[in-house]
Amino acid sequence: MSAASCLLSEDQFLCSICLDVFTDPVSTPCGHNFCKNCITQHWTVTDRCQCPMCEEKFDSRPQLRVNTLFSEMVAHSSEQQAAKPGEVPCDVCTGTKLKALKSCLVCLTSYCETHLQLHLTTSSLKRHQLTKPVENLEGRMCTKHHKPLELFCQTDQTCVCMLCSVLDHKTHELAELGKTEAEIQQMIQKRRLKIEELKESVKTSKAAADREKAEGVEVFTALKEAAERGLNELMEEIQDKQETAEKQAEGFITDLQQEISELMKRSSEVEQLSRSADHLHLLQSFSSLTAAPPTENRTEVSVRPPSYEGTVVRAVVQLEETLRKKRKLLFEAELKRLQQSAVDVTLDPDTAHPKLILSDDGKQVNHRDERKNLPDNPERFSKTVSVLGKQSFSAGRFYFEVQVKGKTKWELGVVRESINRKGRITLTPLKGFWTICLRNGNEYKAWADSPVRLSLGSGPEKVGVFVDYEEGLVSFYDVDAAALLYSFTGCSFTDKLLPYFGPCLNEDGKNSAPLIISPVNQTA
């Protein structure tokens, strides 16, 4: 379709009978256009057959022809979308307001596709500045210089144009509106991304909670079944012993009742003989009675009650063993999960006490009697033979493992970055230390606000340290036994945390073994 065909006004697309956009437009012999249905009904209700526009009369009802070009133009016009709420409407459209494609900063008018054609084809209008469609164009133009308001004067708190910024506001603090809008959009985008991140975090948290619930139900169901099974076995054992004792007693009772019957029979015979006057017959009968086999004497028999001593204890011990095995499996699974938070920790030589020896790779530390000549920088421990890790943590979870094999004394844990490192140090959470230690080869303690003695079956050779910063949790594990040694809970972390290592004095070689930061085995 040519550009010229687009220059028709909107009124030319309206039927003069129904005053609406043409439907199936047809042409009369005089050249005027109408909706096919409109002109047909018009001629049906009138006596004369004439054109409603020019009133040209026809001797007979003329044959109506479809105007193909005009139909295409009408169809093209109808394809343009009407302006929806929030969209800029065309200022020229008189009927249905179509969506504007451009706004003219010179004419201060917004145009739809059809009405924009003059600005695209007319030489004088081509020089006008077109922009994306905006509402209230007059309010967006500088009334003094007739230029768009593109800047914001922060000094006068008003919108200005480019000429204003040069002439009247050149010493003022100006901000570009487009740039400000872009920054706002960027801020909006960041917040939308944060919302999505939080939603995803909630989904992840819910999935973790559902997984923990399922595992909890599985474990406690197994423990409940084990307890019920142990109780049933205990009840069966006690019942079997009781039934055995009852059967033994019933057998003795039956035998005694039989003996009573026999004795009563003999008693009756003796009584009858004693009434006989024939003493010779009495003696002969008595002789036959005494010659009879004697009845077994069961009056001394007894039934000992079954012994239940230790029965319940043994059942409880067996249940405890079952629980111990289940607990070990749980700790092994838990430790595997914690090991997924493993971090690479190296020792910081700037914090090491002068009598400590660090390996070249920063993974091992032990004590020696000779003091190195090192600068007494603020980060260095001056009295306590300790060293910190280089890496600091202020969020999330982290985990590392330390080999303590062969040592008789050591200290391990995490500390606040701001701890005192000079003079005598108190290893308590109040002072920023969350640690456990070994003393005298077999005395394990957690340095809480007051020392907590740890009862361990055997000493760990490798200790795992786990921290959940947001949860306020610091836990220590025997890695090989997959057993929890101790947990600090409800901690409040506001500072960066650093790994803490105290190999202690070597004690003439008795405690010369190093503390070794070990690689974490994360295999499932």
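All of these numbers come straight from a predicted model, not from anything done at the bench. (Residues numbered from 1 in each chain as written. Predicted model: local features only at pLDDT ≥ 70, side-chain atom pairs only at ≥ 80, totals over all residues. Heavy atoms only, no water.)

Observations regarding the overall build of the chain
Our working rule: Strands here are runs of E lasting at least two residues and helices are runs of H or I lasting at least four, both read from the DSSP assignment and numbered beginning at the N terminus. Exposure categories follow from relative accessible area, calculated using a 1.4 Å probe and restricted to protein chains: below 20% of the type maximum is buried, above 50% is exposed, and the middle band is partly exposed. Whether two residues touch is decided by their heavy atoms; if any such pair falls within 4.5 Å, the residues are in contact. Method for areas: the Shrake-Rupley scheme with a 1.4 Å probe, in which residue coverage is limited to the protein chains shown.
Helix and strand content of the chain: eight helices and 22 strands. When burial is assessed residue by residue, the chain has 32% of its 524 residues classed as buried. Taking all contacts inside the chain whose residues are at least 6 apart in sequence as the whole, residues at least 24 apart take part in 56%. In the form shown here, the chain has an accessible surface area of approximately 33000 Å², with 52% of it arising from carbon and sulfur atoms.

Quick look at the pairing of strand S16 (residues 443-447)
The condition is simple: Two strands qualify as a pair provided DSSP detects at least 2 bridges between them.
Relative to S16, strand S15 (residues 433-439) is paired through four bridges, and the arrangement is antiparallel. Residue Leu-438 lies in a different strand from S16, and its bridge partner there is Tyr-444. Counting the residues that bridge the hairpin from S15 to S16 gives three residues, and of these Asn-440 lies at a positive phi of roughly 55 degrees. In the sheet, S16 pairs with strand S17 (residues 451-454) via four bridges, with the strands oriented antiparallel. What sits directly across from Trp-447, in S17, is Pro-451. Where S16 hands over to S17, the hairpin turn is made up of three residues, counted between the paired strands.

A look at a negative patch on the surface
Quick note on the threshold: By definition, no residue in a patch forms a salt bridge, and every one has over 30% relative accessible area; like charges are joined within 9 Å, nonpolar side chains (Val, Leu, Ile, Met, Phe, Trp, Tyr) within 5 Å. Whenever a carboxyl oxygen of Asp or Glu lies within 4 Å of a side-chain nitrogen of Lys or Arg, that contact is scored as a salt bridge. All tallies of charge rest on Lys and Arg as positive and Asp and Glu as negative; His and the ends of each chain are not included. The location of each charge is read from NZ of Lys, CZ of Arg, CG of Asp or CD of Glu.
A contiguous patch of negative charge, built from Glu-233, Glu-236, Asp-240, Glu-243, Glu-246 and Glu-250, is present on the exposed surface. For Glu-243, the position within the fold is in helix H6 (residues 177-274). The exposure class of Glu-243 is partly exposed, given its relative accessible area of 34%.

Notes on the confidence of the model for the chain
Our working rule: In predicted models, pLDDT denotes the confidence assigned by the predictor to each residue on a 0 to 100 scale.
Taken residue by residue, the chain gives an average pLDDT of 83. The fraction at 70 or more is 87%. Of the regions scoring below 50 in pLDDT, residues 1-7 engages in 11 contacts with residues more than four places distant in sequence or in other chains.

Side note on the sheet that holds strand S2 (residues 33-35)
To be explicit about the condition: The convention used is that axes are lines fitted to C-alpha atoms, helices contributing only their stretch in contact, and that angles between N-to-C directions extend from 0 to 180 degrees.
With antiparallel pairing, the three strands of this open sheet are ordered in space as S2-S1-S3. The open sheet has two edge strands with one neighbour each: S2 and strand S3 (65-66). Set on the sheet, helix H1 (residues 36-45) makes contact with strand S1 (25-27) and S2; between it and S2 the angle comes to about 90 degrees.

A few points about the nonpolar core
Note the threshold: Note on terminology: a nonpolar core comprises buried Ala, Val, Leu, Ile, Met, Phe, Trp, Tyr and Cys residues joined through side-chain atoms within 4.5 Å.
Counting residues in each nonpolar core, the largest one holds 37 residues, and the members touching the most others are Trp-410, Val-463, Phe-488 and Phe-501. Not counting residues up to four positions away in its chain, the partners in contact with Trp-410 are Val-404, Ile-436, Cys-437, Leu-438, Arg-439, Tyr-444, Val-463, Gly-502, Pro-503, Cys-504 and Leu-515.

Here we look at the pattern of salt bridges
This structure, assessed with the given rule, holds 12 salt bridges. Here Lys-206 and Asp-210 are joined by a salt bridge, their closest N and O atoms 3.0 Å apart. Highlighted residues: Lys-206 and Asp-210, both in helix H6, separated by four residues, approximately one helical turn. Take Asp-210: its relative accessible area is 34%, and that puts it in the partly exposed class. One salt bridge connects Arg-337 with Glu-334, and the closest N-O pair in it is separated by 2.8 Å. Highlighted residues: Arg-337 and Glu-334, both in helix H8 (residues 311-339), separated by three residues, approximately one helical turn.

A look at the sheet that holds strand S7 (residues 151-153)
Strands in a sheet are paired, the pairing made by backbone hydrogen bonds, and the direction either parallel or antiparallel. Overall, antiparallel pairing links the three strands, which are arranged S8-S7-S9 in an open sheet. Edge positions in the sheet fall to strand S8 (158-160) and strand S9 (174-176), since each has one partner strand and no second. For this sheet, the mean angle separating the axes of adjacent strands, direction not counted, is 35 degrees. The pairing of S7 with S9 spans three bridges and is classified as antiparallel. The partner of Cys-153 across the bridge, within S9, is Leu-174.

Comments concerning a nonpolar patch on the surface
Residues Leu-163, Val-166 and Leu-167 make up a contiguous nonpolar surface patch of roughly 270 Å² in combined accessible area. The topology assignment puts Val-166 in helix H5 (residues 162-167). The class for Val-166 is exposed, based on a relative accessible area of 52%.

What to know about the side chain of Thr-109
Put simply, the rule reads: Identification of polar contacts relies on pairs of N or O atoms within 3.5 Å, with a donor-acceptor requirement for protein atoms, meaning one able to donate a hydrogen and the other able to accept it, and with residues adjacent in sequence counted only if both atoms are side-chain atoms.
For Thr-109, the location among the structural elements is in strand S5 (residues 109-111). One polar contact links the side chain of Thr-109 to the main-chain carbonyl oxygen of Cys-107, over a distance of 3.0 Å. The residues contacting Thr-109, other than those within four sequence positions of it, are Asp-91, Val-92, Lys-102, Ser-103, Cys-104 and Leu-137.

As for the side chain of Asp-478
Along the chain, Asp-478 turns up in strand S19 (residues 473-478). As a buried residue without a salt bridge, Asp-478 has its nearest oppositely charged side chain in Lys-462, at a separation of 9.4 Å. At 3.2 Å, the side chain of Asp-478 and the backbone nitrogen of Ala-481 are in polar contact.

Regarding the packing of aromatic side chains
Under the convention used in this document: In this analysis, rings of Phe, Tyr and Trp, with Trp reduced to its six-membered ring, are considered paired at centre separations within 6.5 Å, and the interplanar angle assigns stacked below 30 degrees, edge-to-face beyond 60, and tilted for intermediate values.
The final tally for this structure, using the stated rule, is 10 aromatic pairs. Aromatic side chains Phe-393 and Phe-398 sit 4.0 Å apart centroid to centroid with 15 degrees between the ring planes, which places their arrangement in the stacked category. Assessed through its relative accessible area of 13%, Phe-393 is described here as buried. Phe-398 sits in the buried class, given a relative accessible area of 0%. Ring geometry for Phe-433 versus Tyr-500: centroids 5.7 Å apart, planes at 90 degrees, classification edge-to-face. With Phe-433 in strand S15 and Tyr-500 in strand S21 (residues 497-502), the pair connects residues that are 67 residues apart, well separated along the chain. Judged by its relative accessible area of 0%, Tyr-500 falls in the buried class. Put simply, the rings of Phe-381, Phe-433 and Tyr-500 pair up and form one aromatic cluster.

Quick word on H1
Put simply, the test is: Note that the arc is computed from the directions linking the helix axis to the C-beta atoms.
Residues of H1 that are buried: Cys-38, Ile-39 and Trp-43. Each buried residue of H1 lies within a common arc of 125 degrees when the element is viewed along its axis, so the set occupies one face. Counted as exposed and oriented over 90 degrees from the buried face of H1: Asn-37, Thr-44 and Val-45. The inward-facing, buried residues of H1 abut S1 and S2.

A closer look at the state of the cysteines
Put simply, the rule reads: In what follows, a disulfide is any cysteine sulfur pair within 2.5 Å.
Within the structure shown, the criterion is met by zero disulfides. Of all cysteine sulfurs, the one in Cys-51 lies closest to Cys-30, which takes part in no disulfide; the gap is 3.4 Å. No disulfide involves Cys-164; its sulfur sits 3.5 Å from that of Cys-161, the nearest cysteine.

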